Amino acid sequence: QVQLVESGGGLVQDGGSLRVSCAASGSIFSINAMAWHRQAPGKQRELVARITLGGSTNYADSVKGRFTIARDNAKNTVYLQMNSLKPENTAVYYCNAAVVVIGSNRYLEVWGRGTLVTVSS
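Residues numbered from 1 in each chain as written. Predicted model: local features only at pLDDT ≥ 70, side-chain atom pairs only at ≥ 80, totals over all residues. Heavy atoms only, no water.

Student: Help me out: how do you make sense of the packing of aromatic side chains in this one?
Tutor: One pass over the structure, following the stated rule, counts zero aromatic pairs. Positioned above the aromatic ring of Y94, the side-chain terminus of R45 is 3.7 Å from the ring centre. The ring of W111 carries the charged tip of R45 above its face, separated from the ring centre by 4.9 Å. (Phe/Tyr/Trp six-rings, centres within 6.5 Å; stacked < 30°, edge-to-face > 60°. Lys NZ or Arg CZ within 6 Å of the ring centre and 35° of its normal.)

Student: In this structure, what is going on with unusual backbone geometry? I would like to understand it.
Tutor: If a residue is not glycine, its phi is most likely negative; likewise, a peptide bond is most likely trans. Even without glycine at this site, N76 takes up a positive phi of about 50 degrees. By the secondary structure assignment, N76 is in the loop between β7 (67-72) and β8 (77-82). Residue classification places N76 among the partly exposed residues on the basis of a relative accessible area of 24%. Although it is not a glycine, S84 adopts a positive phi angle of roughly 50 degrees. Tracing the backbone through its elements, the reader meets S84 in the loop between β8 and β9 (91-101). (Helix = DSSP H or I, 4+ residues; strand = E, 2+ residues; numbered from the N terminus. Buried < 20%, exposed > 50% of the residue type's maximum accessible area, 1.4 Å probe, protein only.)

Below, the structure is given as structure tokens:
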């Protein structure tokens with residue numbers, strides 16, 4: 001019904017920048033909040049940043065001032081601009097979204113498969 005596909009991950013050096021994207025497709029009526037999470041090796045998945053339909057944002061303390069989340073509602077896409085990357089930011093980054101499917105009146109929580117970001121020291 002609804003798919004989220006992340007792109008833009010890769011290898012970057014300590015202090016570098018990277019932008020990851022996540023595009024939603026399928027039987028979408030509307031999308032409420034969209035978010036980026038990450039899971040580092042051996043650690044639990046954690047919220048990185050979240051953005052509402054109206055554009056309000058919140059960030060994990062560890063990324064404030066370095067990461068920026070943005071969305072393009074016309075394209076059903078959310079972005080995460082990551083600057084001043086550190087080796088400890090190495091993780092699989094997942095996007096998720098609260099989607100109202102066409103013909104439904106409830107939100108469906110949808111997850112992408114993730115994109116790997118590796119920061120080398």
